Amino acid sequence: MGGHLVTVATCNLNQWILDWEGNLARIIESIHIAKAAGARLRVGPELEITGYSALDHFHELDVFSHSLEMLSILLQDKSTHGILLDIGMPILHRNLRYNCRVICLDGKILLIRPKMWLANDGNYREMRHFTPWMRPRETEMFHLPKMLAEIQGETHVLFGDAVISTPETAFGAETCEELFTPKAPHIDMALDGVEIITNSSGSHFTLRKLDTRLQLIMEATRKSGGVYLYANQQGCDGERLYFDGCAMIIVNGDIVAQGSQFSLKDVEVVTATVDLEEVRSYRAAISRGLQAATSDAKYQRIQTPFELAPEDDDADIDKRPTLPIQPRIHPVEEEIALSGGCYLWDYLRRSGTAGYLVPLSGGIDSCATAVIVYSMCRIVMDAVNEGNKQVIEDVKRLCQYSQGVLPKTPKALCNQIFTTIYMGMKKQSSRDTRQRAKDLAEAIGSYHVNLDIDDVYEAQKKLVVDTVNFAPRFKVEGGTVQENLTLQCLQARIRMVTAYEFGQILPTARGRPGGGSLLVLGSANVGESLRGYLTKYDCSSADINPIGSIDKADLKRFIAWAETNFDLPCLHEFLTAVPTAELEPITENYVQSDEADMGMTYEELTTFGRLRKLNKLGPFAMFQRLVHDWSIDRKRVEGDTAPYYTPAQVAEKVKRFFHFYAINRHKMTTLTPALHCNDYSPDDNRFDLRPFLYPPFWKSWSFKRIDMELEKIEKRRASKAK
């Protein structure tokens, strides 16, 4: 029969695409930690040997051969023996590429389990790189390459959908997306008596996503009973995604162990001791038993004498089942601070550059970017104080101004690796925005540059005057719309060039040994990108944008939170300031306003963005939805914060949005890569794949249908009014 107390381990690993030896070292370290905790089973993240985001590198045969070489090293390392291992890697089998779990024990492969249901939505492109295993509960033989055959002592191992049977229990594996499918593999496995199920994930962060993920994972065993081990990557592995860890162990729907969602630890192992008798008792329901008895979903069991629960452990009264805990979920403001901070640190340390530079405008968007960098510095200094060896090593390499001496505070670190620059114009820039930028820089400790670009602007403007004998003027000076746009875009693009110029030379100018360059951060929020309210190749063009898929409302929440939690009282001024690009001259009667320029509020932009992407609504369907949601005739209900508009106003707003979306779509093709935080991001490069040359929407059939529907609605309203 065997024992019934099993210690199991799962983990968060901060892998890096194609960092073969580094990835292997982190895998081995996690195995050592799991063994030291007494675990008999260890599961790791999806594709942990390669890193999840290798993308089209999965078309290269090198990736498959190097993966097998890393597996060979792992199997021969006797320090990894004595524990069942669930390892993630790509496998080439009969000329087909599979995303696989390799189940190993004591240097031998027990099973290669290919992923059956591939993730192919949103940021995921697995069908581009892999073939799904389309034969549930079937297996065949995999021919081992010579280097593995010599270790195995055999030429073939089982390949397919099977489970592992130990003397006292059985465990099976599912991979990431399979959990989220309507008929997940764990359902049939549980009905066939499998008591422990592993899930190896490459699940990325989005705001407010963790609660949904937790509910799905807990539900996996709440209905079916069992022990569920969830592993995930954590950090930036080379793409615009942040993998948010949160490795956990669940028993019968209750979380008994949960890892961090955001952390600078390269390896974090989560362990728990579980009682198999609790699973058996939980599954005693008659209805469940009838379904199990009549199920024809029977799995091939691969037998091993290795005990997950040695009977002698039952006599150890110091060993007891881990008690359930409450799930830990961060509020959205903390999610922004922690995800952005951890992502930027990974990006910085792995890029080999000297730090970051942010152009500060005195507005809330660039302020938010700067505060996220400050959050990064706070997270890093916390890790330094905790003795994180990898972080300490990275900080010493970056802090060249102090010859590798560790800074003592987040502000001191900020001064060494972060530059803010305010690029003003004497007529356009107000004293308020210049002062806000200066105050913020002083509060967070960044190295601050305050300059004016008037001379460069006038020289570039003079080029037009001298060449075509025409002097463009701003709108407030009597100029046309085209002249006004030309002069605004000229300033904006000068700022982009200036930011990169200072980013390349400042480390050398400040006397940093070895010089180096700074990565330029962008500050265009998701709404402005969606609407196209930015200049192509202005300061929205940067190396990376930490707020590019965050809306204005969430940024305001974050800044209000940081004002208190980071003790930055100067942030209050940013919250109360009117958003303005300051690209037109300020007069007694005119100050440029973002929302006035756009013809819609930031809240409305968020609504348009969500309906367009998440609800998959085109112009006509969006009008049909919003004419009800925003109806001026609807009853006032507590908690309803939607605007009140007439049907004609709704029609005008929807048309305006789609018109500007269409004519500005080309800007998305050059959009700075942004940390992915929202599922309605307009990122053209990976996430939101659409054309960038549209027919005029104002002539479109969609707009004509809106007009027809509007006419019907207005007739009905008029008849009701009578």
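Quick caveat, the model's predicted, so the values are computed rather than measured.

**Q** When you look at the sheet that holds strand β18 (residues 418-424) in this model, what are you seeing that I'm missing?
**A** The pairing of strands in a sheet comes from backbone hydrogen bonds and takes either a parallel or an antiparallel form. In space, the 4 strands of this open sheet follow the order β19-β18-β17-β20, with parallel pairing throughout. The sheet is open, and its two edges are formed by β19 (447-452) and β20 (518-520), each paired on a single side. Pairs of neighbouring strands in the sheet enclose a mean axial angle of 25°, with direction left out of account. Of the pairings in the sheet, the one linking β18 to β19 comprises 6 bridges and is parallel in character. Pairing of Thr 420 across the sheet is with His 448, part of β19. Docked against the sheet, helix α10 (residues 332-351) engages β17 (355-359) and β20, running at close to 125° with respect to β17.

**Q** So what exactly am I meant to see when it comes to a nonpolar patch on the surface here?
**A** A contiguous nonpolar surface patch, about 260 Å² in accessible area, is contributed by Val 464, Val 468 and Phe 470. The residue Val 464 is located in helix α15 (residues 454-468) in this model.

**Q** Is there a simple way to think about the packing of helix α22 (residues 619-629) against helix α24 (residues 701-721) in this case?
**A** Helix-helix packing is described using two parameters, namely the angle between the two axes and the distance between the axes. Where α22 meets α24, the axes come as close as 8 Å, and the angle between the chain directions of the two elements is 30°. Classed by the angle they form, the pair α22 and α24 counts as roughly parallel. Where α22 crosses over α24, the two elements pack in a sense that is right-handed. Counting all contacts with α22, which are made through Pro 619, Phe 620, Phe 623, Gln 624 and Val 627, the residues of α24 involved are Ser 702, Phe 703, Arg 705, Ile 706, Glu 709, Leu 710 and Ile 713. Its residues assigned to classes, the contact of α22 with α24 comprises 8 nonpolar, 2 polar and 2 charged.

**Q** In this structure, what is going on with unusual backbone geometry? I would like to understand it.
**A** Of note in this structure, Cys 176 is not a glycine but carries a positive phi near 40°. Positionally, Cys 176 belongs in the loop between β9 (170-175) and α5 (177-180). Given the relative accessible area of 5%, Cys 176 is considered buried. With a phi close to 65°, Arg 208 is a non-glycine residue in the positive phi region.

**Q** Just to check I follow, could you spell out the environment of Thr 80 for this structure?
**A** Inspection of the secondary structure puts Thr 80 in the loop between α2 (61-76) and β3 (84-93). Judged by relative accessible area, which is 2%, Thr 80 ranks as buried. It is 9.9 Å that separates the C-alpha atoms of Thr 80 and Cys 104, two residues lying 24 residues apart in sequence. Excluding residues within four positions of it along the chain, Thr 80 makes contact with Ile 28, Ile 31, Lys 35, Leu 74 and Leu 85. Of note is the side chain of Thr 80, whose polar atom sits 3.1 Å from the backbone oxygen of Leu 74.

**Q** Would you mind showing me how to read the packing of aromatic side chains here?
**A** The description of an aromatic ring pair uses the distance of the two centres, along with the angle that the planes make with each other. Tallied over the full model, the rule gives 23 aromatic pairs. A centroid spacing of 6.4 Å and a plane angle of 25° characterise the contact between Phe 558 and Trp 561, whose relative ring orientation is stacked. In this pair, Phe 558 and Trp 561 are both assigned in helix α18 (residues 552-565), 3 residues apart and thus about one turn of the helix distant. Pair check on accessibility: Phe 558 and Trp 561 agree, each one buried. With a centroid separation of 6.4 Å and an interplanar angle of 80°, the aromatic rings of Phe 658 and Tyr 661 are classed as edge-to-face.

**Q** I keep staring at the pattern of salt bridges and nothing clicks. Help me out?
**A** Pairs may arise between side chains of opposite charge once their charged atoms sit close together. Scanning the model with the defined rule gives 45 salt bridges in all. With a shortest N-O distance of 2.8 Å, Arg 240 and Asp 683 are connected by a salt bridge. Placement of Arg 240 in the loop between β11 (227-235) and β12 (243-244) and of Asp 683 in the loop between α23 (647-664) and α24 is noted, with a sequence separation of 443 residues between them. Residues Arg 240 and Asp 683 agree in their burial class; the two are buried. Here Asp 707 and Lys 655 are joined by a salt bridge, their closest N and O atoms 2.5 Å apart. Placement of the pair is Asp 707 in helix α24 and Lys 655 in helix α23, with a sequence separation of 52 residues. Its relative accessible area of 37% is what places Asp 707 among the partly exposed residues. Look at the salt bridges and you will find they share partners, linking Arg 612, Lys 613, Arg 665, Asp 688 and Arg 690 into a network.

**Q** Honestly, the UniProt feature "domain: CN hydrolase" (unreviewed entry) in the protein chain in this entry has me stumped. Any pointers?
**A** This chain's UniProt record puts "domain: CN hydrolase" (unreviewed entry) on residues 6-276. A helix fraction of 25% and a strand fraction of 34% characterise residues 6-276, whose end C-alpha atoms lie 7 Å from each other.

**Q** Is there a simple way to think about the packing of helix α11 (residues 364-385) against helix α13 (residues 410-417) in this case?
**A** Between α11 and α13, the least distance of the axes is 9 Å, while the angle of their chain directions is 120°. Classified by the angle between their axes, α11 and α13 sit oblique to one another. Read as a crossing pair, α11 and α13 show a hand that is right-handed. Residues Tyr 374, Met 376, Cys 377, Arg 378, Val 380 and Met 381 of α11 touch α13, and the partners they reach there are Pro 410, Lys 411, Leu 413, Cys 414 and Ile 417.

Calculation notes
- Residues numbered from 1 in each chain as written.
- Predicted model: local features only at pLDDT ≥ 70, side-chain atom pairs only at ≥ 80, totals over all residues.
- Heavy atoms only, no water.
- Pairing = 2+ DSSP bridges.
- Helix = DSSP H or I, 4+ residues; strand = E, 2+ residues; numbered from the N terminus.
- Axes fitted to C-alpha atoms, helices over the stretch in contact; angles between N-to-C directions.
- Contact = heavy atoms within 4.5 Å.
- Patch = residues over 30% accessible without salt bridge, like charges linked within 9 Å, V, L, I, M, F, W, Y side chains within 5 Å.
- Areas by Shrake-Rupley, 256 points an atom, 1.4 Å probe, with all protein chains shown as cover.
- Salt bridge = Lys/Arg side-chain N within 4 Å of Asp/Glu carboxyl O.
- Parallel < 35°, antiparallel > 145°, perpendicular 65-115°, else oblique.
- Left-handed = near helix turned anticlockwise from the far one by under 90°.
- Nonpolar A, V, L, I, M, F, W, Y, C, P; charged D, E, K, R; others polar.
- Buried < 20%, exposed > 50% of the residue type's maximum accessible area, 1.4 Å probe, protein only.
- Polar contact = N/O pair within 3.5 Å; in protein donor to acceptor, adjacent residues only side chain to side chain.
- Phe/Tyr/Trp six-rings, centres within 6.5 Å; stacked < 30°, edge-to-face > 60°.
- UniProt positions renumbered as here; feature names shortened; annotations may be inferred.

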